[in-house]
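Commentary on secondary and tertiary structure
Each chain, written out:
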Amino acid sequence: MLKKNRMTERFHMSRRTFLKVLAVGAVVLMGGGYLLRDRFLNDGNPSSTATDVIRGQRLPIPDLLTGTEMDGKRVYDLIMQPGSMTYVSGKQTATFAYNGNILGPTLLMHKGDEVVINVTNQLGEPTTTHWHGIHLPAIMDGGPHQRIENGDTWQAQYTIMNEEATFWYHPHLEGKTAEHVYHGLAGLFIVKDPQSELDLPDQYGTDDIPLIIQDKIFDADGSFNYPGTRFGVKGDQFLVNGAVTPVFDAPAQFVRFRLLNGSNARIYNFGFSDDRQFHQIGTDGGLLERPVPLTRLRLSTGERAEILVDFSGEENSQVRLVSFSSELDNINPIWNSNALDDSAFDIMTIDVKAATANPITALPASLASINRLQEGQAARTRPFVLEMGFSGPMTINGQSMDMNRIDQTIKLNDTEIWEVTNNSDLPHPFHVHDIQFLILTRDGSPPAENEAGWKDTVLVMPRETVRIIIHFSDFADPVKPYMFHCHILEHEDAGMMGQFVVV
Ligand code: C2O
Ligand code: CU
Ligand code: CU
């Protein structure tokens, strides 16, 4: 008995000691854990070293180009040129831009317009200009095959067949897209349908507001730091229409925001600081069937969303547009995450001012009818498997981009299902040129209501399969290809891109 008691006693002693060791160990581990976590919450992108970044300027609104009428066509001129901005007190930032010093003008076009766009390259190096989301002949697409040498002018001509929506243009030179966009080359298109009788906010710059959202890294000398990080360049300064976390004076009424994620790699989770509800009315390529109420909107690179936000009766108040990034699941494995991915951060402040005369006072009940392509119409299903490793080229179906190889040949007027599988641990926004598609399923389930519209870019989450349905119409060319690719620009440049022809 005595022996047993002793043993129990000894056991108690050692248990107490053990608990102490455990407690000390836990503290050490936690400390180390935080250190490790900080170490690993590092996607390889450097932080800005500029200390005096100028924030809080008024939101710039890109000029609206309506084109000039010539022989029944609307003619637009874009000049790609070096520019200069002041982002850091007392310093100049060298930029690239269309027509001005950062980004480019918004091109206003109408469905049915025949347009001519003269794109002159004065950058001092070759590039291209691609019309993202526009349905057009491959030779007018502005992809890597429509190279514009320095000093040359490329003339793109096409008829606007797209639905009412927000599109964009940006360079697309093989291996250089990421760098060119990062330095400031990007602009929007607004396509309007003259037939539309919808009552939506349409005073450009007043209650119809383009928001091009990008992130950058600023060096101490004011320059953009483009580190070319393999898995994607993510900055720590947020620019809207080329100004760092600016202030927008909103009228106290329904305001339409046309959001473009024009960042190289960062995926946002937009919402407002007061968690208010807003309504998404449009996707990449058209209006939704009806407004979809949301409090958060995930937007990956290349995607657009049109939303309506009601500021009625809120004069003299303030609210912030925020990215609630930490709420996004499965966006970044720990090795590709940074502190911002793990937090919520401001994009823009909204100062609500007096309403304008005759604002819209209610949401339209319905917006558009969507011709839902049916699975049964599809001639075939094509698989696309996206892969990447820690080094080497990134691939689709085991192959990385080759300008001299056509990867897919599609018959004109066919409807197809494209089954896109992400066989990696990072999300990839899959983009297809020329057409707008509909999402059939996301990992077996129908898409969320706000994704059930025309899309040209869809985020495919790690290990997920997204099935999309596409109708290929109007333009056949056995030689000139269109592209499909990941719209994380560093992945695209690393080869996660392929080519298709329509014949
Ligand atoms: Cu927005 Cu192939 O591009
Ligand atoms: Cu595109
Ligand atoms: Cu990718």
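A quick note: this is a predicted structure, and the numbers were derived from the prediction, not measured.

This part is about the coordination of the copper ion (ligand 2). When a metal carries six donors in an octahedron, the ideal angles between them are 90 or 180 degrees, while four donors in a tetrahedron ideally lie at 109.5 degrees. Around the copper ion (ligand 2), the donor atoms from the protein are H130 (NE2) and H431 (NE2), and they sit 1.9 to 2.0 Å away. In this pair, H130 sits in strand β7 (residues 130-132) while H431 sits in strand β27 (residues 428-432), placing the two residues 301 residues apart along the sequence. The burial state of H130 is the same as that of H431; both residues are buried.

By secondary structure assignment, the location of E451 is in the loop between β28 (438-442) and β29 (457-460). Of note is the side chain of E451, whose polar atom sits 3.1 Å from the side chain of R442. Sequence-distant contacts of E451, defined by excluding residues within four places in its chain, comprise R298, E303, I439 and R442.

Turning next to the coordination of the copper ion (ligand 3). Note on the copper ion (ligand 3): its protein donors are H428 (ND1), C486 (SG) and H491 (ND1). The metal-donor distances range over 1.9 to 2.1 Å. When the donor residues of the copper ion (ligand 3) are listed from N- to C-terminus, their spacing reads H-x57-C-x4-H. With H428 in strand β27 and C486 in strand β31 (residues 477-486), the pair connects residues that are 58 residues apart, well separated along the chain. With relative accessibility at 0%, the residue H428 sits in the buried group.

On the secondary structure map, D193 appears in the loop between β10 (187-192) and β11 (208-216). Buried charge without a partner: D193 forms no salt bridge, and the closest opposite charge is K111, 4.4 Å away. In this view, D193 contacts K111 and E164; residues no more than four positions away in its chain are not counted.

Pairing is mixed in the open sheet, where five strands are placed in the order β24-β23-β26-β30-β28. Every interior strand has two partners, whereas the edge strands, β24 (395-396) and β28, have only one. The sheet contact formed by β28 and strand β30 (residues 465-471) spans four bridges and is antiparallel. Bridging from a neighbouring strand, L438 pairs with I469 of β30.

The side-chain alternation of β29 yields two buried faces, one formed by T457 and L459 and the other by V458 and V460. For β27 and β29, the ladder comprises four bridges, and the chain directions are antiparallel. Within β29, the residue paired with F430 across the bridge is V458.

When strand β2 (residues 68-70) meets strand β3 (residues 73-85), the two strands line up antiparallel, connected through three bridges. Note that in β3 the partner of M70 across the bridge is K73. Hairpin connection of β2 to β3: two residues between the antiparallel strands, including D71 at a positive phi of 50°. Where β3 meets strand β6 (residues 114-121), seven bridges bridge the pair, whose relative direction is parallel. Each residue of the ladder has a partner; that of L78, found in β6, is V119. Here β3 runs beside strand β4 (residues 93-98); their pairing, made up of six bridges, is antiparallel.

As a further point, take the pattern of salt bridges. Between side chains of opposite charge, a pair can form when the charged atoms approach closely. Scanning the entire structure with this criterion turns up 33 salt bridges. For D407, the salt bridge is made with R405, and the minimal N-O distance between the two is 2.6 Å. Salt-bridge contacts for R442 lead to E451; the nearest nitrogen and oxygen are separated by 3.1 Å. For R442, a relative accessible area of 13% corresponds to the buried category.

Summed over all chains, the structure comprises 32 aromatic pairs. Here F218 and F224 contribute two aromatic rings whose centre-to-centre distance is 5.5 Å and whose plane-to-plane angle is 40°, an arrangement assigned as tilted. As far as the burial class goes, F218 and F224 line up, both buried. Here F384 and F430 contribute two aromatic rings whose centre-to-centre distance is 5.6 Å and whose plane-to-plane angle is 50°, an arrangement assigned as tilted. Taken together, the positions of F384 in strand β23 (residues 380-387) and F430 in strand β27 put the pair 46 residues apart, joining distant regions of the chain. What links up through ring pairs into an aromatic cluster is the set F384, W418, F430, F472, Y482, F484 and F500. The ring of F324 is capped by R296, whose NZ or CZ atom sits 3.6 Å from the centre of that ring.

Before going further, it helps to examine empty space enclosed by the protein. If you roll a probe as big as a water molecule over the atoms, it shows you where there is empty space left. Taken as a whole and assessed by the stated rule, the structure comprises one cavity of 30 Å³ or more. The computed volume of the largest cavity comes to approximately 90 Å³. Considering the residues around the largest cavity, the lining is formed by F231, K234, A265, R266, I267, I331, N332, N336, D341, L426, P427 and I488. Both domain 2 (208-353) and domain 3 (375-502) contribute no fewer than three residues apiece to the lining of the largest cavity.

Moving on to unusual backbone geometry. Excluding glycine, a negative phi dihedral is what most residues carry, and trans is how most peptide bonds are arranged. Phi is positive for N99, close to 70°, though the residue is something other than glycine. Structurally, the position occupied by N99 is in the loop between β4 and β5 (106-110). On the accessibility criterion, N99 (32% relative accessible area) is partly exposed. Within the chain, N413 stands out as a residue other than glycine whose phi angle is a positive 75°.

Further remarks concern the domain arrangement of the protein chain. If you check the domain split of the protein chain, you get domain 1 (64-192), domain 2 (208-353) and domain 3 (375-502). The interface is formed by 27 residues belonging to domain 1 together with 23 residues belonging to domain 3. When domain 1 packs against domain 3, the two sides together hide about 2,100 Å² of surface, and 61% of this comes from carbon and sulfur. Between the two partners, domain 1 and domain 3, sit zero salt bridges.

Next up on the list: the sheet that holds strand β16 (residues 268-272). Spatially, β14-β22-β21-β16-β19 is the arrangement adopted by the five strands of the open sheet, whose pairing is mixed. Bordering the open sheet on either side are β14 (247-251) and β19 (297-299), each of which pairs with just one other strand. Taken over all neighbouring pairs, the strand axes of this sheet differ in orientation by 30° on average, direction set aside. By the bridge criterion, five bridges tie β14 to strand β22 (residues 344-353) in an arrangement that is parallel. Paired with A250 across the bridge in β22 is V352.

Rules used in this analysis
- Residues numbered from 1 in each chain as written.
- Chains lettered and ligands numbered in written order.
- Predicted model: local features only at pLDDT ≥ 70, side-chain atom pairs only at ≥ 80, totals over all residues.
- Heavy atoms only, no water.
- Donors = N, O, S within 2.8 Å, 3.2 Å for Na, K, Ca; no water.
- Helix = DSSP H or I, 4+ residues; strand = E, 2+ residues; numbered from the N terminus.
- Buried < 20%, exposed > 50% of the residue type's maximum accessible area, 1.4 Å probe, protein only.
- Polar contact = N/O pair within 3.5 Å; in protein donor to acceptor, adjacent residues only side chain to side chain.
- Contact = heavy atoms within 4.5 Å.
- Lys, Arg positive; Asp, Glu negative; His and termini not counted.
- Salt bridge = Lys/Arg side-chain N within 4 Å of Asp/Glu carboxyl O.
- Pairing = 2+ DSSP bridges.
- Phe/Tyr/Trp six-rings, centres within 6.5 Å; stacked < 30°, edge-to-face > 60°.
- Lys NZ or Arg CZ within 6 Å of the ring centre and 35° of its normal.
- 1 Å grid on protein atoms, 1.4 Å probe; cavity = no way out; pocket = protein on both sides within 12 Å on 5 of 7 lines; lining within 4 Å.
- Points joined across faces, edges and corners; volume = space filled by probe spheres on them.
- Domains from an automatic or database assignment.
- Buried area = accessible area lost by both parts, 1.4 Å probe.
- Axes fitted to C-alpha atoms, helices over the stretch in contact; angles between N-to-C directions.

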